[in-house]
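Results of the structural survey
Each chain is listed here by its residues.
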Amino acid sequence: MQGDMSGTADWPEAGFPGIRINPDTLQPQIVNEDVVRETLAASTDPADQIFVLLVEGHASEAAELLAEARFKDPESFLLRIFEAEVLSVSHRMDRAVGLFRQLLAEAHGTPGEALALQYLGRAQYAAGQTSAAVESFSKALDLRVAESADAAQIYSSTVALQRARDVLDLAC
């Protein structure tokens, strides 16, 4: 979908220009290829390239860049999140969920806790663990509201929580 966001304007932002969260799959999706390419061309942050590769489903390429970036910045919480995302994109959901749980335990009581919960919820949702995803999204939303987080983050958690609840209700 190049240069066109029609029908996706109400999708939650994914934290990168031209990429939004699909409210049905709860996965990031490129909605404006031109904006993504322009932003990448202007960026010097390897996390940006890694994120776009993950969104495009290029797990092995993302893993290579991630290894280099982690070597330079081994403590980066975002890069550690992306490490778990590589597992998700590679359809190794049990391992991804396990790593997100580990990151959540490490982030407890820090500003990264809500982010870890949101990513954990997405991995749980993708793995079919809908009840657990509802719990993770609910906690992420509560934390984001309590922290007066950016409205886009609160909206993203709200949409994810509602979608997971809807799926759970359909299963009952």
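No experiment lies behind these values; they were computed from the predicted model shown. (Residues numbered from 1 in each chain as written. Predicted model: local features only at pLDDT ≥ 70, side-chain atom pairs only at ≥ 80, totals over all residues. Heavy atoms only, no water.)

1. Side note on the overall build of the protein
Across its full length, the protein holds eight helices and three strands. Listing the helices and strands of the protein from first to last along the sequence gives β-β-β-α-α-α-α-α-α-α-α. For 172 residues, the compact-globule estimate of 2.2 N^0.38 gives 16 Å, and the C-alpha radius of gyration of the protein, at 15 Å, lies within 12% of that figure. When each of the 172 residues of the protein is scored for burial, the buried share is 44%. (Helix = DSSP H or I, 4+ residues; strand = E, 2+ residues; numbered from the N terminus. Rg over C-alpha atoms; globule rule 2.2 N^0.38 Å. Buried < 20%, exposed > 50% of the residue type's maximum accessible area, 1.4 Å probe, protein only.)

2. Some words on the sheet that holds strand 1 (residues 13-16)
The strands making up a sheet are joined through hydrogen bonds of the backbone, oriented either antiparallel or parallel. One open sheet holds the three strands; their spatial order is 1-2-3, and the pairing between them is antiparallel. This sheet does not close on itself; its edge strands, each paired only once, are strand 1 and strand 3 (28-30). Neighbour-to-neighbour, the strand axes of this sheet turn through a mean angle of 35 degrees, independent of strand direction. Sheet analysis places strand 2 (residues 19-21) next to strand 3, joined by three bridges and oriented antiparallel. (Pairing = 2+ DSSP bridges. Axes fitted to C-alpha atoms, helices over the stretch in contact; angles between N-to-C directions.)

3. Considering the confidence of the model for the protein
Averaged over all residues, the pLDDT of the protein is 94; the fraction at 70 or higher stands at 97%. Of all the helices and strands in the protein, strand 1 carries the lowest mean pLDDT, 94, while helix 7 (residues 130-146) carries the highest, 98. (pLDDT = per-residue confidence, 0-100.)

4. Let's talk about the packing of helix 2 (residues 46-55) against helix 3 (residues 59-72)
Packed helices, taken two at a time, are described by the angle their axes make and the gap between the axes. With their axes 9 Å apart at the nearest point, helix 2 and helix 3 run at an angle of 160 degrees to one another. Accordingly, the angle class assigned to the pair helix 2 and helix 3 is roughly antiparallel. As for the relative orientation of helix 2 and helix 3, their crossing is left-handed in sense. Taken together, the residues of helix 3 that come into contact with helix 2 (itself represented by P46, Q49, I50, L53 and L54) are E61, A62, L65, L66 and A69. (Parallel < 35°, antiparallel > 145°, perpendicular 65-115°, else oblique. Left-handed = near helix turned anticlockwise from the far one by under 90°. Contact = heavy atoms within 4.5 Å.)

5. Observations concerning the nonpolar core
In this structure, I19, I50, F82 and F100 are the most contacted members of the largest nonpolar core, which totals 35 residues. Elements represented by at least two residues in this core include exactly helix 1 (33-42), helix 2, helix 3, helix 4 (77-89), helix 5 (93-107) and helix 6 (112-126). Look past the residues within four positions of I19 in its chain and what remains in contact with it is E13, A14, P28, Q29, I30, V31, V36, F51, V52 and V55. Counting residues in each nonpolar core, the second largest holds nine residues, with Y125, A133, F137 and A164 among its members. (Core = buried A, V, L, I, M, F, W, Y, C linked by side-chain atoms within 4.5 Å.)

6. Considerations on helix 3
If you check helix 3, its first and last C-alpha atoms are 20 Å apart, about what 14 residues at 1.5 Å a residue would give, namely 20 Å. For helix 3, the full list of buried residues reads A59, A62, L66 and A69. Taken end-on, helix 3 shows its buried residues confined to a sector of 90 degrees, consistent with a single buried face. Every exposed residue of helix 3 that faces more than 90 degrees away from the buried side is listed here: S60, E64, E68, F71 and K72. Buried residues in helix 3 make contact with helix 2 and helix 4. (Expected span 1.5 Å × (residues − 1). Arc of directions from axis to C-beta.)

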